[in-house]
Structures are given as C-alpha cells and as structure tokens.
Amino acid sequence: LLAELISVITNDGRNIVGMLKGYDQATNLIIDESHERVYSTTTGVEQHVLGLYIIRGDNIAVVGELDDEMESTLDLTAIKAHPLKPIQHGA
C-alpha cells in the first residue's frame, strides 16, 4: 500500500496529492512529492509544491488512491471548479 499516489481532502477544504510514505493508528499521513491543488472557477487548477508533508489524522476528511495513468492524462489547466469549503460540524 505504501508509495501509492493518493489524494487527501482536509477538513479545511484543501486537496493535497502525493505519494503515501507512511501512516499510523491515528491516521496521521506522511506524503512525499506532494502538492496542493487549488481550484478556481476562472483559471485552471494551480498546483503549489509542498514536498515532504505530514497531515494530522484529525484534519483528514477523505483519502483516496489515484490512478497514475489517468492522472498523467489530465489537463489541470482546463479544469475549473469552485474551491472546497471547510467542513462545518454541528452548530
């Protein structure tokens, strides 16, 4: 399972993509070669390089494995979307 390309959506609405290098029982993740994808309705997806990155398990909303081949064919400059909003827990 390690060294798989994953996408993580955090509770504050960030989308971080990179290679899973490690995790623990609290779902803390170590991601290498990572970057944040920033979505916009006017421009394509911007990618901000993060490098080696650790995400605390209590800040993770969704984790999913990505298909390397499909990822390599995506034209991120043509993808337009609203940025994700932070998760709001009960009022």
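From a predicted model like this one, the values you see are computed outputs, not experimental measurements. (Residues numbered from 1 in each chain as written. Predicted model: local features only at pLDDT ≥ 70, side-chain atom pairs only at ≥ 80, totals over all residues. Heavy atoms only, no water.)

Student: Just checking my understanding: could you explain the pattern of salt bridges for this structure?
Tutor: Per the counting criterion, the structure on display carries three salt bridges. A salt bridge links Arg14 to Glu36; its shortest N-O distance comes to 2.9 Å. Residue Arg14 is found in the loop between strand E1 (5-10) and strand E2 (15-23), and its partner Glu36 is found in strand E3 (residues 29-38); the two are separated by 22 residues along the sequence. (Salt bridge = Lys/Arg side-chain N within 4 Å of Asp/Glu carboxyl O. Helix = DSSP H or I, 4+ residues; strand = E, 2+ residues; numbered from the N terminus.)

Student: I tried to follow the nonpolar core on my own but got confused; where do I start?
Tutor: Within soluble globular proteins, side chains that are nonpolar tend to cluster in buried spots. Among the nonpolar cores identified, the biggest contains eight residues, and these are Ile6, Val8, Ile16, Leu20, Leu29, Ile31, Ile55 and Ile60. Counting only elements with at least two residues in this core, the list comes to E1, E2 and E3. When residues no more than four places from it in sequence are discounted, the contact partners of Ile55 are Val8, Thr10, Ile16, Thr27, Asn28, Leu29, Ile31 and Ile60. (Core = buried A, V, L, I, M, F, W, Y, C linked by side-chain atoms within 4.5 Å. Buried < 20%, exposed > 50% of the residue type's maximum accessible area, 1.4 Å probe, protein only. Contact = heavy atoms within 4.5 Å.)

Student: What should I look at first to understand the side chain of Ser34 in this one?
Tutor: Here Ser34 lies in strand E3. Here Ser34 falls in the buried class, since its relative accessible area comes to 2%. Polar contacts involving the side chain of Ser34 include one to the main-chain carbonyl oxygen of Gly51, which spans 2.6 Å. When residues no more than four places from it in sequence are discounted, the contact partners of Ser34 are Ile16, Val17, Gly18, Val49, Leu50, Gly51 and Tyr53. (Polar contact = N/O pair within 3.5 Å; in protein donor to acceptor, adjacent residues only side chain to side chain.)

Student: Whenever I open this one, the side chain of Ser7 confuses me. Can you help?
Tutor: Examined against the element boundaries, Ser7 turns out to sit in strand E1. In terms of polar contacts, Ser7 uses its side chain to reach the side chain of Asn15, at 2.8 Å. Once you skip the residues sitting within four places of it in the chain, Ser7 turns out to touch Asn15, Ile16, Val17, Val62, Val63, Gly64 and Leu66.

Student: What is the right way to read the environment of Leu74 from this model?
Tutor: Position of Leu74 relative to the elements: it lies in the segment after helix H1 (68-73). Looking at Leu74, the relative accessible area reads 37%, which means it is partly exposed. For the pair Leu74 and Asn15, spaced 59 residues apart in the sequence, the C-alpha separation amounts to 16 Å.

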